[in-house]
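Residue-level structural notes
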Amino acid sequence: MIRARLWAGAAAVLLCAACAGAPPAGLLRPVQRSILNLSLGESPGRVARDYPGLKSCPAKSELGGRVKRFDLSAKCVKAMPAGVREIRLGFDGLQGFLGGELAEIEIVYDADFTHKKPADALAGDVALVYGPPHHSQGKFWWADQDTVMRVFYAEVPDLSQGAGAVSLRTSFQLVDTRLFSR
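A few points on the structure. Since we're looking at a predicted model, the values are computed, not measured.

Some details on the sheet that holds strand S7 (residues 134-136)
Sheet strands line up and pair through hydrogen bonds in the backbone, either parallel or antiparallel. An order of S3-S4-S5-S6-S10-S9-S8-S7 is seen for the 8 strands of this open sheet, with the pairing classed as antiparallel. The open sheet terminates on both sides in strands that have one partner only, identified here as strand S3 (59-62) and S7. On average, adjacent strands in this sheet sit at an angle of 25° to one another, irrespective of strand direction. Bridging between strand S6 (residues 101-109) and strand S10 (residues 166-176) involves 5 bridges; their strand directions are antiparallel. Each bridged residue has a counterpart across the sheet, and for Val108 the counterpart in S10 is Ser171.

Regarding the state of the cysteines
This structure, assessed with the given rule, holds 1 disulfide. With its sulfur 2.0 Å from that of its partner, Cys57 forms a disulfide with Cys76. Handedness here is read from the sign of the S-S torsion; for Cys57 and Cys76, about 95°, the answer is right-handed. Placement of Cys57 in the loop between helix H2 (44-50) and S3 and of Cys76 in the loop between strand S4 (67-73) and strand S5 (84-92) is noted, with a sequence separation of 19 residues between them. For Cys57, a relative accessible area of 6% gives the class buried.

What to know about the pairing of S4
By the criterion of burial, S4 is predominantly enclosed, with 5 of the 7 residues buried. Pairing geometry for S3 and S4, over 4 bridges, is antiparallel. Across the sheet, the residue bridging to Ser61 is Lys68, located in S4. Sheet analysis places S4 next to S5, joined by 7 bridges and oriented antiparallel. The residue of S5 that forms the bridge with Arg69 is Gly90.

Considerations on the pairing of S6
For S6, a buried count of 8 out of 9 residues is recorded, marking the element as mostly surrounded by other parts of the structure. Bridging between S5 and S6 involves 8 bridges; their strand directions are antiparallel. Its bridge partner being in S6, Ile87 is matched across the sheet by Ile107.

Quick word on the pattern of salt bridges
In total, this model carries 14 salt bridges according to the counting rule given. The partner of Arg178 in a salt bridge is Asp176, and the shortest N-O contact between them spans 3.2 Å. There is no split in this pair, since Arg178 and Asp176 are both buried. Within the structure, one salt-bridge network assembled from shared partners comprises Arg33, Arg66, Asp92, Glu101, Asp176 and Arg178.

Describing the nonpolar core
Core analysis: the biggest nonpolar cluster contains 33 residues, and Leu72, Ile87, Leu89, Trp142, Val151 and Phe172 have the highest contact counts within it. Looking at this core, the elements with two or more residues in it are S4, S5, S6, helix H4 (119-130), strand S8 (139-143), strand S9 (147-157) and S10. Those residues in contact with Ile87 that sit more than four places away from it in its chain are Leu36, Leu38, Tyr51, Phe70, Asp71, Leu72, Met80, Pro81, Glu106 and Ile107.

Overview of unusual backbone geometry
Not every positive phi belongs to a glycine, and Asn37 is a case in point at roughly 65°. Phi is positive for Gln137, which is not a glycine, with a value near 50°. Of note, Gln137 is situated in the loop between S7 and S8. Note on Gln137: relative accessible area 76%, which makes it exposed.

Topic: the environment of Gly83
For Gly83, the location among the structural elements is in the loop between S4 and S5. Taking relative accessible area as the criterion, Gly83 reaches 21% and is therefore assigned partly exposed. Residues in contact with Gly83, not counting those within four places in the same chain, are Tyr109, Asp110 and Phe113.

Rules of the game
Residues numbered from 1 in each chain as written. Predicted model: local features only at pLDDT ≥ 70, side-chain atom pairs only at ≥ 80, totals over all residues. Heavy atoms only, no water. Pairing = 2+ DSSP bridges. Helix = DSSP H or I, 4+ residues; strand = E, 2+ residues; numbered from the N terminus. Axes fitted to C-alpha atoms, helices over the stretch in contact; angles between N-to-C directions. Disulfide = S-S within 2.5 Å. Buried < 20%, exposed > 50% of the residue type's maximum accessible area, 1.4 Å probe, protein only. Salt bridge = Lys/Arg side-chain N within 4 Å of Asp/Glu carboxyl O. Core = buried A, V, L, I, M, F, W, Y, C linked by side-chain atoms within 4.5 Å. Contact = heavy atoms within 4.5 Å.

Okay, here's the thing in structure tokens:
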């Protein structure tokens, strides 16, 4: 009798431990935190090793100066991955270039990739791994306690159509949830 209770207690503890790390309802697995050899939480120095030229890329401060965003493109980085137009990186808590952590990664794909894989098709592929997405304001998204993953169309300047014109490109984004909590 005592052994049966011990086994039942141990099973309950294991079940609770397993449930604590389980993804939210509807999510089939925890959301990934890396793409293109970039991982949320990395330092700018680590990112610059994989993407030389990061320091010379355009940057702007956002969210009251708390986040510094860099736009990596073929103009400032030696080599962009195939099918990628630009990579937008947001570093949280940046104190000078060598501080902060990578808190946002957005991959904006080029016109050829967008033609072959529109945002809704990419969201369908992601849904095979993570389950059905939430959908709001034209964005598909999945989230767990640490990370938000979104697929949507990003607006990019289209100079061939005239000044101020934009084109839509398939975009994939990872955001650390701590950006939302402050």
